[in-house]
Structure formats: structure tokens, C-alpha cells
Amino acid sequence: MKTFLMIVEIIVSLGLIASVLLQSGRSAGFSGAITGGAEQLMGNKARGMDVIFRKITAACAVLFIVLAIVLVALQ
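These numbers come from a predicted model, not from an experiment. (Residues numbered from 1 in each chain as written. Predicted model: local features only at pLDDT ≥ 70, side-chain atom pairs only at ≥ 80, totals over all residues. Heavy atoms only, no water.)

S.K.: I would appreciate a short explanation of the nonpolar core in the present structure.
M.R.: Side chains that are nonpolar tend, in soluble globular proteins, to be buried together. Counting six residues, the largest nonpolar core is built from Leu5, Val12, Leu16, Cys60, Leu67 and Leu71. When contributions to this core are tallied by element, the ones reaching two or more residues are α1 (2-22) and α3 (49-74). Ignoring anything within four residues of it in the chain, the contact list for Cys60 reads Val12, Gly15 and Leu16. (Core = buried A, V, L, I, M, F, W, Y, C linked by side-chain atoms within 4.5 Å. Buried < 20%, exposed > 50% of the residue type's maximum accessible area, 1.4 Å probe, protein only. Helix = DSSP H or I, 4+ residues; strand = E, 2+ residues; numbered from the N terminus. Contact = heavy atoms within 4.5 Å.)

So this is what it looks like as C-alpha cells:
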């Protein structure tokens, strides 16, 4: 059981790393510098893959924390 959870923890951590690295930055180039102020006032306008990667990142982060707590409790 513990070994299985550790393997799942490694897979989740790799997924978390990949999803963070695949996201685009907040100010992606010169266009980000121009529209950065407007996005602050009007709200976030993330579309497409950025939304998907944010959801994957959030899910992996929650799963990572829960698995870490469970693994510590099993020790």
C-alpha cells in the first residue's frame, strides 16, 4: 500500500511539474506588457490551454498534498 502511494505521489509530482512548466507566463512578451494593466482592471481573460493547465495544476497540487499527508500518517 505504502509503495503504491509513493509511486502515485511521484507520478502526481511529475504531472504537477509538467503542468506548471507548460503554462504561459503572465506577461508573455511585449503584448503582455501593454495589456497587463487592462487585465488587472478588467479581470483575467485566460482562454484555451491556459485554463486547462490551471485546472490540471490545481488538481495535481491538491492530490500531491493529500497523498503527502496520507504517506506521513502511514509512517
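S.K.: What's the story with the side chain of Glu9 in this structure? I'm lost.
M.R.: Mapped onto the elements of the fold, Glu9 is located in helix α1. Despite being buried, Glu9 has no salt bridge partner; Lys2 is the closest side chain of opposite charge, sitting 12 Å away. Not counting the four nearest positions on each side in its chain, Glu9 is found in contact with Phe64, Leu67, Ala68 and Leu71. (Lys, Arg positive; Asp, Glu negative; His and termini not counted. Salt bridge = Lys/Arg side-chain N within 4 Å of Asp/Glu carboxyl O.)

S.K.: Looking at this structure, I do not really get the environment of Leu74. What am I missing?
M.R.: With respect to the secondary-structure elements, Leu74 resides in helix α3. Its relative accessible area of 45% is what places Leu74 among the partly exposed residues. Considering only alpha carbons, one finds Leu74 and Lys2, 72 residues apart in sequence, at a separation of 7.4 Å.

S.K.: Sorry if this is basic, but what is going on with the packing of α1 against α3 here?
M.R.: Two packed helices can be described by the angle between their axes and the distance between those axes. The N-to-C vectors of α1 and α3 enclose an angle of 150 degrees; their axes lie 9 Å apart at closest approach. For the element pair α1 / α3, the angle class is roughly antiparallel. Once α1 is placed against α3, the crossing between them reads as left-handed. Of α3, the residues touching α1 (which contributes Lys2, Leu5, Met6, Val8, Glu9, Val12, Ser13, Gly15, Leu16, Ser19, Val20 and Leu22) are Phe53, Ile56, Thr57, Cys60, Ala61, Leu63, Phe64, Leu67, Ala68, Val70, Leu71 and Leu74. Classifying every residue of the contact of α1 with α3 gives 18 nonpolar, four polar and two charged. (Axes fitted to C-alpha atoms, helices over the stretch in contact; angles between N-to-C directions. Parallel < 35°, antiparallel > 145°, perpendicular 65-115°, else oblique. Left-handed = near helix turned anticlockwise from the far one by under 90°. Nonpolar A, V, L, I, M, F, W, Y, C, P; charged D, E, K, R; others polar.)

S.K.: What is the right way to read the side chain of Thr57 from this model?
M.R.: Note on placement: Thr57 falls in helix α3. Given the relative accessible area of 16%, Thr57 is considered buried. Within polar-contact distance, the side chain of Thr57 engages the side chain of Ser19 at 3.0 Å. If we ignore the near neighbours within four places in the chain, the residues touching Thr57 are Leu16, Ser19, Val20 and Gln23. (Polar contact = N/O pair within 3.5 Å; in protein donor to acceptor, adjacent residues only side chain to side chain.)

S.K.: What's the story with α3 in this structure? I'm lost.
M.R.: Quick reminder: α-helices carry 3.6 residues per turn. Residues three or four places apart thus point the same way. End to end, α3 covers 37 Å across 26 residues, agreeing with the expected 38 Å (1.5 Å per residue, within 8%). Where α3 is concerned, the buried positions are Phe53, Thr57, Cys60, Leu67 and Leu71. Summarising the contacts, the buried residues of α3 are in contact with α1. (Expected span 1.5 Å × (residues − 1).)

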